[in-house]
Amino acid sequence: DGGITQSPKYLFRKEGQNVTLSCEQNLNHDAMYWYRQDPGQGLRLIYYSQIVNDFQKGDIAEGYSVSREKKESFPLTVTSAQKNPTAFYLCASTPGSGQNSYEQYFGPGTRLTVT
Amino acid sequence: AQSVTQLGSHVSVSEGALVLLRCNYSSSVPPYLFWYVQYPNQGLQLLLKYTTGATLVKGINGFEAEFKKSETSFHLTKPSAHMSDAAEYFCAVSPMNRDDKIIFGKGTRLHILP
């Protein structure tokens, strides 16, 4: 079955450590996205990538970094510069073109807890 | 610029009663509109979408929504609530011209009372 996988489901880290969240898709989608979700705040866009080797900052990119070396992979690194990293992180993808290019497909999410 | 407003962060309905979740949007260009559902500790799943054509859109699990351009609304309804409908629901808007990205509302948590 095609879909998006995120690993791990739960992640615990000590303050001051960088941590990388994995996102892999086998949908052959061109665009990929990272969102952060906090209670009552909806989804906030961190970074997105529309093609391989290219990505753009979203609304809350500070303290985060990404790479897009392969079409199917879009890992997110939460750096020690992120002031409040504890949150639920969601990865999504969309097809590159056509009417359905606006529909986002989501992974199951990674809950990161930093203490 | 686009925006999405979901009225009510929490909505409670009795099992078997009508479900109505409200969504209003603003968009400077014709929008695509979406409703997503999220169960606890899971990703978002598409319930339904409006792109073009018929303004009454049917989705999964018995949900439907109507695009009303004059009211800039895209409210989600279900005639009879089921316990399994308890979840968080997100309305989203995306412009057809792709100059802007998809924007999500802050979500409405639906509680089903026995």
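Notes on the structure in this doc start here. All of these numbers come straight from a predicted model, not from anything done at the bench.

**A short note on the packing of aromatic side chains**
All names here are of chain A. Applying the stated rule across the entire model yields 13 aromatic pairs over all chains. Summarising the aromatic geometry, the rings of Tyr47 and Phe55 are spaced 5.9 Å apart at their centres and angled 80° between planes, so their arrangement reads as edge-to-face. The exposure class of Tyr47 is buried, given its relative accessible area of 7%. In this structure Phe55 comes out as partly exposed when scored by relative accessible area, which is 36%.

**Details of the sheet that holds strand S6 (residues 56-58) of chain B**
Residue and element names in this part refer to chain B. With respect to topology, 5 strands assemble into an open sheet ordered S1-S3-S8-S7-S6, the strand pairing being antiparallel. Two strands close off the open sheet at either side, each with one partner strand: strand S1 (3-7) and S6. Adjacent strand axes in the sheet meet at a mean angle of 20° when their direction is disregarded. By the bridge criterion, 5 bridges tie S1 to strand S3 (residues 19-26) in an arrangement that is antiparallel. Looking at S3, one finds that Ser3 is bridged to Ser26.

**Overview of the side chain of Gln6 of chain A**
Residue and element names in this part refer to chain A. Along the polypeptide, Gln6 turns up in strand S1 (residues 4-7). A distance of 3.2 Å separates a polar side-chain atom of Gln6 from the backbone oxygen of Tyr89. At a separation of 3.0 Å, a polar atom in the side chain of Gln6 contacts the main-chain amide nitrogen of Cys91. Setting aside its immediate chain neighbours within four residues, Gln6 contacts Ser22, Trp34, Tyr89, Leu90, Cys91, Gly107, Pro108, Gly109 and Thr110.

**Re the state of the cysteines**
Disulfide: a covalent bond formed between the sulfur atoms of two cysteine residues. Under the criterion given, the structure shown has 2 disulfides over all chains. Note on cysteine connectivity: Cys23 of chain A is disulfide-linked to Cys91 of chain A, with sulfurs 1.9 Å apart. In this structure, the disulfide formed by Cys23 of chain A and Cys91 of chain A twists by about -75° around the S-S bond and is classed as left-handed. Of the two residues, Cys23 of chain A is situated in strand S3 (residues 19-25) and Cys91 of chain A in strand S9 (residues 87-94); the sequence distance between them amounts to 68 residues. A sulfur-sulfur distance of 1.9 Å marks the disulfide that ties Cys23 of chain B to Cys91 of chain B. With the S-S dihedral at roughly -65°, the linkage between Cys23 of chain B and Cys91 of chain B falls on the left-handed side. Here the residue Cys23 of chain B occupies a position in strand S3, and Cys91 of chain B occupies one in strand S9 (residues 87-95), the gap between them amounting to 68 residues. Relative accessible area serves as the criterion here: at 0%, Cys23 of chain B is assigned to the buried category. Look at Cys91 of chain B and you get buried, because its relative accessible area is 0%.

Parameters and conventions
Residues numbered from 1 in each chain as written. Chains lettered and ligands numbered in written order. Predicted model: local features only at pLDDT ≥ 70, side-chain atom pairs only at ≥ 80, totals over all residues. Heavy atoms only, no water. Phe/Tyr/Trp six-rings, centres within 6.5 Å; stacked < 30°, edge-to-face > 60°. Buried < 20%, exposed > 50% of the residue type's maximum accessible area, 1.4 Å probe, protein only. Pairing = 2+ DSSP bridges. Helix = DSSP H or I, 4+ residues; strand = E, 2+ residues; numbered from the N terminus. Axes fitted to C-alpha atoms, helices over the stretch in contact; angles between N-to-C directions. Polar contact = N/O pair within 3.5 Å; in protein donor to acceptor, adjacent residues only side chain to side chain. Contact = heavy atoms within 4.5 Å. Disulfide = S-S within 2.5 Å.

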